[in-house]
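A closer look at the structure
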Amino acid sequence: MRRIQSINENWLFIKDDIDLQKVNIKEVEKEQVNIPHTWNNLDGQDGGDDYYRGTCYYMKKFKRPDMSEGDQVYLEFQGVNASAKIIVNDKEVCRHDGGYSTFRTNITRELQDNNSLLVMVDNSKNETVYPQLADFTFYGGIYRDVSLIIVSKDHFDLDHYGGQGIKVTPEVKGKDANVRVETFVTGHYDKVRVTIEGQDIQYQISKSDTEVEIVIPNVRLWNGTKDPYLYTAKADLIIDDKVVDTISTRFGCRTFSVDPEKGFILNGELYPLRGVSRHQDREGVGNALTKDMHKEDMELIAEMGANTIRLAHYQHDQYFYDLCDEYGMVVWAEIPYITKHMNGGRDNTISQMTELVIQNYNHPSICFWGVSNEITGGGESEELVKNNQELHELCKKLDPTRLTTMAAIFLLDMESPILNMTDIVAYNLYYGWYLGELKDNEDFLDEFHEKFPDRPIGLSEYGCEAVLKWQTSNPERGDYTEQYQAIFHEHMCKIIDERPYLWATHVWNMFDFGADNRDEGGVKGRNNKGLVTFDRKIKKDSYYIYKAYLSDQPFVHICGRRYVDRAEEVSEVKVYSNQKKVALYNNGTFIAEQEGDKIFTFKVRLDKENTIEAKSESVSKDRLPSKEVKDSIFIRQVDEPNKDYILPVENVSNWYEDIDLQYPEGYFSIKDTVGDLIETKEGLSLFNQMIEASSAQEQEGLAANVEITPEMQMRLMKNVTILTLVKNAKLPGEAVVALNKSLNEIKKP
């Protein structure tokens with residue numbers, strides 16, 4: 001019978017790209033480590049884009065496992081990034097390219113009583129294995145479990161792209177479900193016995209067949225977060241009436257579809273998908289996560305009330321897909337075909353997609369296969385278009401039951417033919433952060449929906465950065481404050497709630513994550529767009545606006561708890577809650593009570609020290625007796641603003657407030673928007689004189705090879721204030737004064 005033996009412990013590690021032909025590896029200094037392990041957990045998160053990318057070596061001694069005559073032994077790796085060469089007893093037995101999927105190799109012939117295992121792991125730069133260019137760290141290492149699998153010589157398949165050897169395809173018909181179970185066998189057998197947990201009937205697959213169809217009467221549906229019910233299918237391999245191998249898999253029965261007007265539909269009911277994207281790393285840990293860490297991530301996502309996760313930008317741990325099944329999360333799963341198409345990487349995209357689909361076919365949580373992410377960032381080409389088309393067709397061949405999708409860069413013209421290649425599409429939109437204004441997000445989505453009413457559109461990414469030490473009473477785009485991130489997400493929550501046609505929306509990102517090439521917001525090596533900090537210890541204020549929109553669990557949350565020192569006499573205190581009424585107190589004294597919807601804003605006259613408390617009598621949907629929910633923060637009133645709250649960036653300040661600028665009523669100034677200005681003939685003429693410099697500044701560093709059409713350029717700028725363009729262009733004060741005077745001469749219509 002099948003046995004699985006973990007060999008995670010007591011490995012020797014060499015972080016040095018040595019030449020095995022010239023160096024005796026036994027004489028090289030080694031470090032003892034346990035799996036999961038990465039060598040980039042520190043240097044992949046400290047900035048500089050200089051983390052070690054090369055070949056490292058993992059060595060282990062192990063004894064031959066207990067075996068019966070004819071037994072086979074497989075070596076299984078669940079994740080090695082990015083390329084691996086496996087050597088057993090000095091003989092190479094396997095190579096694998098792709099850092100995020102399971103692979104196995106049969107080592108039976110190489111086994112001795114005492115065995116040496118050498119794994120050469122390489123995450124160096126190349127032109128064939130994805131990813132090579134992206135906004136996250138490509139941690140090297142054996143960062144998921146390693147096991148020996150001992151099976152009889154006749155067994156359920158272990159060789160086909162890391163699959164399970166069993167494939168379950170449910171089809172709901174009325175109150176019942178027809179479940180097709182396919183098994184794949186290596187060797188000989190008399191029959192396969194299939195049972196469904198909770199069902200009384202046993203089903204036989206004879207030698208001449210490979211599948212059986214089972215009817216589950218009065219089926220209990222896998223119904224998202226409402227009721228993520230799972231069945232278990234078990235298969236026994238039988239020879240001479242004896243069971244020689246057994247496997248099992250969980251599955252769920254559900255129907256789903258996407259309507260271009262109504263959005264996502266689960267089991268015949270509208271089910272708006274609102275959730276987050278997730279990367280698989282942590283501060284100081286890299287991608288070598290434990291099961292407890294995976295579970296904590298899921299609990300934080302579920303607490304917020306999300307019902308969908310985009311598992312970006314690669315295949316995630318099988319344990320996390322299991323958690324998605326259990327928690328009812330609808331999943332977008334994808335491969336790292338990202339940012340830049342490599343002509344030499346086509347075969348690798350095919351193999352990574354094949355592994356993704358085959359290894360994850362039975363997960364009911366997965367509804368979408370993502371073929372690419374921002375792949376036109378390096379420009380479009382015939383080879384790129386063909387590669388995307390091949391991936392779509394491959395997914396439909398391997399799995400016709402699910403939909404394909406892609407995440408388009410927000411600068412990709414909505415007329416691009418590449419958007420027609422997948423079943424549905426979504427955009428990564430960053431208006432209000434990288435460029436443009438917040439309103440550009442809804443303008444873009446509505447324009448797409450109006451132009452293409454029969455094509456579903458979603459939001460695959462949107463977000464902005466917040467570094468917790470930066471705090472302000474006057475947030476603005478680009479200041480990296482917690483307050484601006486909250487304003488950004490308040491806006492996005494509102495426009496998403498008003499647009500049911502969005503088939504799914506995924507915040508970028510649930511957690512801050514490692515990106516060693518970054519140096520933004522005063523933090524090196526990190527993308528700070530998370531709703532939760534890199535170490536998972538702090539939920540940023542923006543986390544709670546989503547909880548207010550998505551969760552049924554009563555709560556109140558006072559924003560600004562890290563903005564302790566405040567120089568104003570009267571300060572704004574904002575509360576997020578999913579309750580309809582919130583009362584506010586300062587130092588025990590009642591301030592006010594408000595009725596509202598998710599966002600409650602109070603003006604509080606500060607004492608020198610202030611304990612602010614918010615309270616609400618909770619009312620739950622299940623009509624349970626109400627109970628009080630509350631939250632409190634402490635703030636101080638100080639004489640001068642705390643300089644430690646301000647990001648020290650050269651040439652970025654409110655310098656325009658200190659120069660002589662006039663804002664005459666009825667005439668334009670730098671405070672007006674480009675859209676309003678170009679409505680006049682004189683304004684359009686003036687704008688055309690400045691557009692080249694300002695647009696170049698806006699686009700700097702953003703997919704430089706993407707073609708920006710005049711129409712797209714105007715869409716990006718119409719809601720931007722002239723002041724924003726001026727600040728981005730870093731014009732000297734005298735130039736700003738001259739521009740503002742020219743604007744003052746143009747009368748508003």
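Residues numbered from 1 in each chain as written. Predicted model: local features only at pLDDT ≥ 70, side-chain atom pairs only at ≥ 80, totals over all residues. Heavy atoms only, no water.

Description of the sheet that holds strand β33 (residues 457-461)
In space, the eight strands of this closed barrel follow the order β27-β28-β29-β30-β31-β32-β33-β34, with parallel pairing throughout. Neighbour-to-neighbour, the strand axes of this sheet turn through a mean angle of 30°, independent of strand direction. As paired elements, strand β29 (residues 330-334) and strand β30 (residues 366-373) share four bridges and run parallel to each other. Bridge assignment links A333 to a residue of β30, and that residue is W369. This element, helix α6 (residues 482-497), spans β27 (273-278), β33 and β34 (502-507) of the sheet and lies at about 165° to β34. (Pairing = 2+ DSSP bridges. Helix = DSSP H or I, 4+ residues; strand = E, 2+ residues; numbered from the N terminus. Axes fitted to C-alpha atoms, helices over the stretch in contact; angles between N-to-C directions. Contact = heavy atoms within 4.5 Å.)

Some thoughts on helix α2 (residues 318-327)
Buried within α2 we find F320, Y321, L323, C324 and D325. G328 lies just past α2 and shows a positive phi near 80°. (Buried < 20%, exposed > 50% of the residue type's maximum accessible area, 1.4 Å probe, protein only.)

What about the packing of aromatic side chains?
Tallying each qualifying case throughout the model produces 31 aromatic pairs. Judged by centre distance (6.2 Å) and plane angle (70°), the rings of Y427 and F448 are edge-to-face. Linking Y427 in strand β32 (residues 425-428) with F448 in helix α5 (residues 439-451), this pair joins segments that are 21 residues apart in sequence. The structure contains a cluster of three or more aromatic residues connected by ring pairs, namely F410, Y427, Y430, Y431, Y434, F444, F448 and F452. (Phe/Tyr/Trp six-rings, centres within 6.5 Å; stacked < 30°, edge-to-face > 60°.)

Some words on the environment of F452
If you trace the backbone, F452 turns up in the loop between α5 and β33. For the pair F452 and T210, spaced 242 residues apart in sequence, the C-alpha separation works out to 43 Å. Excluding residues within four positions of it along the chain, F452 makes contact with M414 and E415.

Quick word on the sheet that holds strand β9 (residues 103-106)
By way of backbone hydrogen bonds, the strands of a sheet pair with one another, either parallel or antiparallel. Pairing is antiparallel across the open sheet formed by four strands, whose spatial order is β1-β12-β5-β9. Looking at which strands have only one partner, the edges of the open sheet turn out to be β1 (3-6) and β9. Neighbouring strand axes in the sheet, compared pairwise and without regard to direction, differ in orientation by 25° on average. Two strands pair when backbone bridges link them, and strand β5 (residues 72-77) and β9 are joined in this way by four bridges, in the antiparallel orientation. Bridge pairing links L75 to T105 in β9.

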